[in-house]
Amino acid sequence: MAQNYNYISEIAMSKMSWNLKVRVVRLWHILDRKKPENSNLIKLIIQDEKGDRIHATIERAVMRIFKTKIHGMGLYVMKNFVVGPNNLEIKINKHKLKLTFSHRMSVGEISDPQFSLNIFNFKPFQHLTNQVEVDENELFDIIGEVIGHGNVKLYNQGGKTSTFMNLELEDHEYCHGLLSRHTP
């Protein structure tokens, strides 16, 4: 019997019993500032077979349950997550809601060769260099070559020091752009 899955575009706060089949297209750890070897939070972008995306988080309280079960590019069936408003200061996708993993959540990795591997959101190089068109809340991909770099610079803001380096990029049409890169 074929399994019925919901699409990300259907997700609403009116219920929690969604059944998603999704690929993890981005995954990153938010490190504890006092103990950088520990993660405080895992953030994910998941994508359904239509290409729609939503932000999901695995908070510290349930991290031990899911940390080894979830990895980038994995394909999963996910059920029983918490749906809430995407009221983050910096939104990383356009969906109005976000998902939070809970103790009740069910996650199982599956294999489906028919499920799309199209995980990139390519933009032309000028999209990066045109500051008017860039949506700072949008994650996108660009292919380019680093052809130069500046010196490492330290910036102090609000008592916090950050390290940056300017990179010069070039695309396949020999368009150039300058990108500021935060270095850990």
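Our subject is the structure that appears above.
Note that the coordinates shown come from a computational prediction; the quantities given were computed from them, not determined experimentally. (Residues numbered from 1 in each chain as written. Predicted model: local features only at pLDDT ≥ 70, side-chain atom pairs only at ≥ 80, totals over all residues. Heavy atoms only, no water.)

Undergrad: I'm lost on the overall build of the protein chain in this one. Help?
TA: Within the protein chain one finds two helices and 11 strands. Its helices and strands in sequence order give the protein chain the pattern β-β-β-α-β-β-β-β-α-β-β-β-β, from N to C terminus. Relative to its 184 residues, the protein chain shows a buried fraction of 38%. Expressed as a percentage of contacts within the protein chain between residues at least 6 apart in sequence, the contacts between residues at least 24 apart total 51%. Only carbon and sulfur atoms are counted for the fraction: they give 52% of the accessible area of the protein chain, which is about 12,000 Å². (Helix = DSSP H or I, 4+ residues; strand = E, 2+ residues; numbered from the N terminus. Buried < 20%, exposed > 50% of the residue type's maximum accessible area, 1.4 Å probe, protein only. Contact = heavy atoms within 4.5 Å. Areas by Shrake-Rupley, 256 points an atom, 1.4 Å probe, with all protein chains shown as cover.)

Undergrad: Please clarify how the pattern of salt bridges should be interpreted in this entry.
TA: Two side chains bearing opposite charge may form a pair once their charged atoms approach each other closely. Overall, the coordinates contain three salt bridges when judged by the stated rule. Across the pair R26 and D141 runs a salt bridge, and its minimum N-O distance is 2.7 Å. With R26 in strand β1 (residues 19-31) and D141 in the loop between α2 (125-129) and β8 (145-149), the pair connects residues that are 115 residues apart, well separated along the chain. For the pair shown, R26 and D141 are each scored as buried. (Salt bridge = Lys/Arg side-chain N within 4 Å of Asp/Glu carboxyl O.)

Undergrad: Explain the environment of C175 to me, please; I cannot follow it from the model alone.
TA: Mapped onto the secondary structure, C175 falls in the loop between β10 (160-170) and β11 (176-182). Note: C-alpha distance between C175 and F125 (50 residues apart in sequence) is 7.2 Å. Not counting the four nearest positions on each side in its chain, C175 is found in contact with F125, Q126, L169 and E170.

Undergrad: Help me out: how do you make sense of a nonpolar patch on the surface in this one?
TA: A grouping of F120, F122 and I143 is seen on the molecular surface, where their side chains present a nonpolar patch of about 340 Å² in accessible area. Relative to the helices and strands, I143 resides in the loop between α2 and β8. (Patch = residues over 30% accessible without salt bridge, like charges linked within 9 Å, V, L, I, M, F, W, Y side chains within 5 Å.)

In short, the description is geometric, and any link to function would need to be established separately.
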